[in-house]
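Observations on the three-dimensional arrangement
Residues per chain are reported as follows:
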Amino acid sequence: MATIAPPPSKRQRREALERSQVQQDVTPPVIEAGSFKARFIDNDGNQLADTIEVPLADATEKNVSLLLNTLLGRDREEFTPYRFRIHVPSSDIIIDDYPTPSEFLAVLRKHGIENPFETTITLAAEPQAVFKVQAVTRMSSRIPGHGEAILAAQFSPKTSGLLATGSGDNTARMWNTDSGTPKYTLKGHTGWVLALAWSPTGEQLATGSMDKTVRIWGESGQAVGKAFNGHSKWITSIAWQPFHLWRDETPKLASASKDATIRVWFVNTGRTEHVLSGHKGSVSCVRWGGTDSIYSASQDKTVKVWDAVNGTLKHTLASHAHWVNHLALSTDFVLRTAFYDHTKNVPATVEERRSKAKERFEKAAKLKGKIAERVISASDDFTMYLWDPEQGTKPLARLLGHQKQVNHVLFSPDGALIASSSWDNSIKLWSRDGKFLTTLRAHVAPVYQSAFSADSVSPSQPRRRPLYRAPEKRKDFFRRPCCFRSRQDLTCDN
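Residues numbered from 1 in each chain as written. Predicted model: local features only at pLDDT ≥ 70, side-chain atom pairs only at ≥ 80, totals over all residues. Heavy atoms only, no water.

1. What about the pattern of salt bridges?
We count it as follows: The salt bridge definition used is simple: a Lys or Arg side-chain nitrogen within 4 Å of an Asp or Glu carboxyl oxygen. A run of H or I in DSSP counts as a helix once it spans at least four residues, and a run of E counts as a strand once it spans at least two, with each numbered from the N terminus.
One pass over the full model with this rule turns up 13 salt bridges. Residue Lys252 is joined to Glu273 by a salt bridge in which the shortest nitrogen-to-oxygen separation is 3.1 Å. With Lys252 in strand S15 (residues 252-257) and Glu273 in strand S17 (residues 272-277), this pair connects stretches of sequence that are 21 residues apart. The salt bridge partner of Asp433 is Arg374, with a shortest N-O separation of 3.2 Å.

2. Brief notes about the sheet that holds strand S27 (residues 397-399)
Rules: A pair of strands is labelled paired if DSSP reports no fewer than 2 bridges between them. To get an axis, a line is fitted to the C-alpha atoms, and for a helix only the part in contact is used. The angle between two axes follows their N-to-C directions and goes from 0 to 180 degrees.
Taken together, 4 strands build an open sheet; the order of strands is S22-S25-S26-S27 and the sheet is antiparallel. Strands at the two margins of the open sheet, each flanked by one partner only, are strand S22 (324-329) and S27. Each adjacent strand pair in this sheet contributes to an overall mean axis angle of 20°, direction not counted. Where strand S25 (residues 375-379) meets strand S26 (residues 384-387), 4 bridges bridge the pair, whose relative direction is antiparallel. Looking at the pairing, Ile376 lines up with Leu386 of S26.

3. Notes on the nonpolar core
This is how the line gets drawn: The term nonpolar core refers to a set of buried residues drawn from Ala, Val, Leu, Ile, Met, Phe, Trp, Tyr and Cys, joined through side-chain atoms within 4.5 Å. Think of it in three bands: residues with accessible area under 20% of the maximum for their type are buried, residues over 50% are exposed, and the middle band is partly exposed, with areas taken using a 1.4 Å probe on protein chains only. The contact definition used throughout considers only heavy atoms, calling two residues in contact when any of these lie within 4.5 Å.
The biggest cluster of nonpolar side chains holds 22 residues, and the ones touching the most others in it are Phe36, Phe84, Ile86, Tyr98 and Leu123. Mapped by element, the contributors of at least two residues to this core are strand S1 (35-41), helix H2 (61-71), strand S3 (82-87), helix H3 (101-110) and strand S5 (120-127). With residues near it in sequence (within four places) discarded, Phe84 still touches Phe40, Glu61, Val64, Ser65, Leu68, Asp96, Tyr98, Leu123, Ala124 and Ala125. By size, the runner-up hydrophobic cluster in this structure holds 18 residues, among which are Ala195, Trp240, Val267 and Phe339.

4. Observations regarding a nonpolar patch on the surface
Using the following cut-off: For patches, a residue must show more than 30% relative accessible area and have no salt bridge; joins then use 9 Å for like charges and 5 Å for nonpolar side chains, namely Val, Leu, Ile, Met, Phe, Trp and Tyr. Shrake-Rupley sampling with a 1.4 Å probe provides the accessible areas, and residues are treated as covered by the protein chains on show and by no other component.
Among the surface-exposed residues, Trp192, Met210 and Trp234 lie close enough to one another that they form a single nonpolar patch of about 290 Å² accessible area. Counting through the fold element by element, Trp234 comes out in the loop between strand S13 (214-218) and strand S14 (235-240). Classification of Trp234 as partly exposed rests on a relative accessible area of 31%.

Distances and angles like these do not, on their own, reveal function.
Given below as structure tokens:
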């Protein structure tokens, strides 16, 4: 039901009338004449082109992006859009938001650059997505099928035409989202299907249930092997080993449980390789990183980092004051999609696929020339923490602003943005370094989850939109390219 705004008060009507009677100042902002020298570098600090003088009046981000493409000798059809970050000379300060030409000098002088015209400004160029996801406009179809609430959903990394869902009716289902029809019903669990995850190849689906088991299914809907037994309580989260770490075509997966343990399984045999025990409460989320570390979040207020090879504890990250609800890695998107990308060029051999998956991971994880896989945790203490476990157990940043529990957090596919969803009815966007950017307010109920489109839409672009719909009690879902779920409803936006 839509929220109706109250009528304006007498004071508001009087102020509006006064504003309408005063001539507005439409004089364009004065831009100082002059130019500055720009030096372009990539995320690794490598210089991209020769230093060039840029007129200040034309120094919009779009124009500078066109200039860089021209310097790199690209044809107009091959132009890549860029986002720029300004490195302040003689300091470690980085300005994330590129200013307008009228604000450029003021921003630089604010950071101690008194005469920008005699200073070479270093601009870090970050390539943006070269494809665009269609904006959300309407519901394309409604597909009924489940008998109870939908509790989990995920698209196949191979194609957006195949979606898997888990439900309180003890089944998982696969759906053809191109035709808007059910495809397969996966029967075998005797309890609610709480978690599911596609393998990086898109050929297998893992499901976890309240019946304490994990099951594997083929993409054609058939059961693969027997149920994985070992947990003493229900399954809360599942994570596959990244594809570039697979050896001898033997994938592994990790399952987290209410029994406070994480189990690492050989998928081909269903045998347990490691039992990671050390948490004192339910494990709410598990992630398998590209450096072969397993990250787990728990209701014991901690995040633990495990060595996936030896099954030993590496770090305990203890800064939260309440349950840790969710984890996200800066490389989640590339690890989940492995060798699949927007070009749809799938390598022919296993080694080529492994090489491409590793290359995509290293490109996403590289920061200042080093592999830095960052982790962010969301908690019931209303806060989030940003970590780099390879540097130690001290958090890089504490993200404050939510007024209630933070239920979900994720990085954008390009790793540049962080979105957090909270019980305070809002979504907040942050930079990769944990700096607050903006708040998206449109919901009138708690926001359980959010999702970025594959092109990592920036909050500064006009296509900004709420990433999630307030929950409703439904047992079906709407087919749209970007799909989100809640505890009671699953909706997809087109």
